[in-house]
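Observations on chain architecture
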Amino acid sequence: HLGRLSVGRGAETIIDAARILGPGFRFELFGPVDSSVSPLLVDAPPMLTSHGPVSNPVALEGISGAGAGLALLRDLPNYRSSLPTKVLEYMANGVPVVATPLPEVRRLIEDHDAGLLVPFDDPEAVAEAVALLADDEVRERCVVNGRRLVEAEFDWRSDAEVMRQT
């Protein structure tokens, strides 16, 4: 998981999914932790590690080769129309996405078959999605499609070329 860890960003769901999956899986969390979540991490399963705030290069190195990148924002007004940067960072770095169905995220994932959607606040569904991504075929499909999507629609190099011409 990249980014701030808060209740609104699915902290409880991540912790519960780690409990469900058990010791065969590791959960690495990179980013600041809200004070309301800190007590939850004290009792978190041992396969879950919170690295706290780290530099972007360290975080991206930490997710290299990850089986899944989690973007489990809740259906809150502040998030409803957003496209979390972490979703694009996962895709650009070859990490398959498991995300909640916020409208913009849903559109990208469904239109491009670039990850797996899970219901809001459903740790069982998150655990199932993470386990499903252990299948090489499913994982590779999400990785290839996610990278293709980012390169086609979110690559600043193409925008820079347009800007140079104006």
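The following paragraphs examine the structure supplied in this document. Note that the structure is predicted; figures quoted are calculated from it, not measured.

Conventions adopted
- Residues numbered from 1 in each chain as written.
- Predicted model: local features only at pLDDT ≥ 70, side-chain atom pairs only at ≥ 80, totals over all residues.
- Heavy atoms only, no water.
- Pairing = 2+ DSSP bridges.
- Helix = DSSP H or I, 4+ residues; strand = E, 2+ residues; numbered from the N terminus.
- Axes fitted to C-alpha atoms, helices over the stretch in contact; angles between N-to-C directions.
- Expected span 1.5 Å × (residues − 1).
- Contact = heavy atoms within 4.5 Å.
- Polar contact = N/O pair within 3.5 Å; in protein donor to acceptor, adjacent residues only side chain to side chain.
- Buried < 20%, exposed > 50% of the residue type's maximum accessible area, 1.4 Å probe, protein only.
- Arc of directions from axis to C-beta.
- Salt bridge = Lys/Arg side-chain N within 4 Å of Asp/Glu carboxyl O.
- 1 Å grid on protein atoms, 1.4 Å probe; cavity = no way out; pocket = protein on both sides within 12 Å on 5 of 7 lines; lining within 4 Å.
- Points joined across faces, edges and corners; volume = space filled by probe spheres on them.
- Nonpolar A, V, L, I, M, F, W, Y, C, P; charged D, E, K, R; others polar.

1. Quick look at the sheet that holds strand β5 (residues 115-117)
Across the sheet, 3 strands lie side by side as β3-β4-β5; this open sheet has parallel pairing. Each edge of the sheet is formed by a strand with only one pairing partner; in this case those strands are β3 (69-71) and β5. Averaged over all neighbouring strand pairs, the angle between strand axes comes to 20°, with direction disregarded. Here strand β4 (residues 97-99) pairs with β5 via 3 bridges, running parallel.

2. Regarding helix α8 (residues 136-153)
With 18 residues, α8 ought to run about 26 Å at 1.5 Å a step, and its terminal C-alpha atoms sit 25 Å apart, in line with that. Structurally, α8 contributes buried residues whose contacts are with α5 (85-92), α6 (103-112), β5 and α7 (123-132). Taking the backbone nitrogen of Glu-137 as reference, a side-chain oxygen 2.8 Å away marks Asp-135 as the first, capping residue of α8.

3. Looking at α6
Listed as buried for α6 are Val-105, Leu-108 and Ile-109. Projected down its long axis, α6 shows its buried positions confined to an angular sector of 90°, all on one face. In this structure, the buried residues of α6 make contact with α5, β4, β5 and α8. The positive-phi residue at the C-terminal boundary of α6 is Asp-113, with phi of around 50°.

4. A closer look at the pattern of salt bridges
All told, the structure shown has 9 salt bridges when counted by the stated rule. A salt bridge links Glu-28 to Arg-26; the nearest nitrogen and oxygen atoms lie 3.1 Å apart. Arg-106 is the salt-bridge partner of Glu-110, the closest N and O atoms lying 2.8 Å from each other. Of the two residues, Glu-110 and Arg-106 both sit in helix α6, 4 residues apart, roughly one turn of that helix. Take Glu-110: its relative accessible area is 47%, and that puts it in the partly exposed class. Residue class for Arg-106 comes out partly exposed when judged on its relative accessible area of 34%. Counted as one network, the salt bridges with shared partners bring together Glu-12, Arg-74 and Asp-121.

5. A short note on the layout of surface pockets
Looking at the largest pocket, its volume works out to about 410 Å³. Every residue lining the largest pocket is counted, 22 residues in all, and those nearest its centre are Arg-26, Phe-27, Ala-66, Gly-67 and Ala-68. Sorting the residues of the lining of the largest pocket by element identifies β1 (27-29), α3 (56-63) and β3 as the ones contributing at least two each. With 3 residues, the single largest contributor to the lining of the largest pocket is β1. Of the residues contributing to the lining of the largest pocket, the split by class is 13 nonpolar, 7 polar and 2 charged. By volume, the second largest pocket amounts to about 240 Å³. Surrounding the second largest pocket, 19 residues form its lining, Leu-2, Gly-3, Arg-9, Lys-86 and Glu-89 being those nearest its centre. Those elements giving two or more residues to the lining of the second largest pocket turn out to be α3 and α5. When residues of the lining of the second largest pocket are assigned to their parent elements, the largest contribution, 3 residues, is made by α5. In terms of residue class, the lining of the second largest pocket is made up of 10 nonpolar, 6 polar and 3 charged.

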